[in-house]
Amino acid sequence: MKKSIPDSMFNDRDQIRLSALQSWVLEHGVTEIVMTERQFWRFVTVQPLAEKPWTSFMGRSINVPDMPERSQKHLGLFDGHGPGHI
């Protein structure tokens, strides 16, 4: 099930926890994570510094539809399955 992350999950930088995201994914049966660009960049802050930003979490792809297409392609987030794509 494709599901958007609740706005409250990444509001406060001190409250960002991967364990909270993990619980949310499992409790809601999420198969694809949709987040805003702001949520994505806050999510990146809790990832190891030596790694590129993750394009998936727990095997679920991350979709950031409000991020510019060129940026999505550069990060490996681009979803070519939307309307108008072949």
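Everything discussed here concerns the structure shown above.
The structure presented is a predicted model; accordingly, all values stated were derived computationally and were not measured.

Participant: Explanation requested: the pairing of strand S4 (residues 60-63) in the structure shown.
Facilitator: Note on strand geometry: in a regular strand, side chains alternate between the two faces of the sheet. Direction of pairing for strand S2 (residues 32-34) relative to S4: parallel, over a ladder of three bridges. Each residue of the ladder has a partner; that of Ile33, found in S4, is Ile62. Summarising the sheet, strand S3 (residues 56-57) and S4 pair through two bridges and their orientation is antiparallel. Along S4, the bridge assignment pairs Ser56 with Ser61. Hairpin geometry of S3 and S4 is characterised by an intervening segment of two residues between the two adjacent antiparallel strands and by a positive phi of about 55° at Met58.

Participant: Please clarify how helix H2 (residues 37-44) should be interpreted in this entry.
Facilitator: For an α-helix, 3.6 residues make a turn, and residues three or four places apart therefore share a direction. Taken together, the buried positions of H2 are Gln39, Phe40, Phe43 and Val44. Here the buried residues of H2 occupy an arc of 140° about the axis, which is enough to place them on one side. Elements that come into contact with the buried residues of H2 comprise helix H1 (18-28), S3, S4 and helix H3 (69-75).

What counts as what
Residues numbered from 1 in each chain as written. Predicted model: local features only at pLDDT ≥ 70, side-chain atom pairs only at ≥ 80, totals over all residues. Heavy atoms only, no water. Pairing = 2+ DSSP bridges. Helix = DSSP H or I, 4+ residues; strand = E, 2+ residues; numbered from the N terminus. Buried < 20%, exposed > 50% of the residue type's maximum accessible area, 1.4 Å probe, protein only. Arc of directions from axis to C-beta. Contact = heavy atoms within 4.5 Å.

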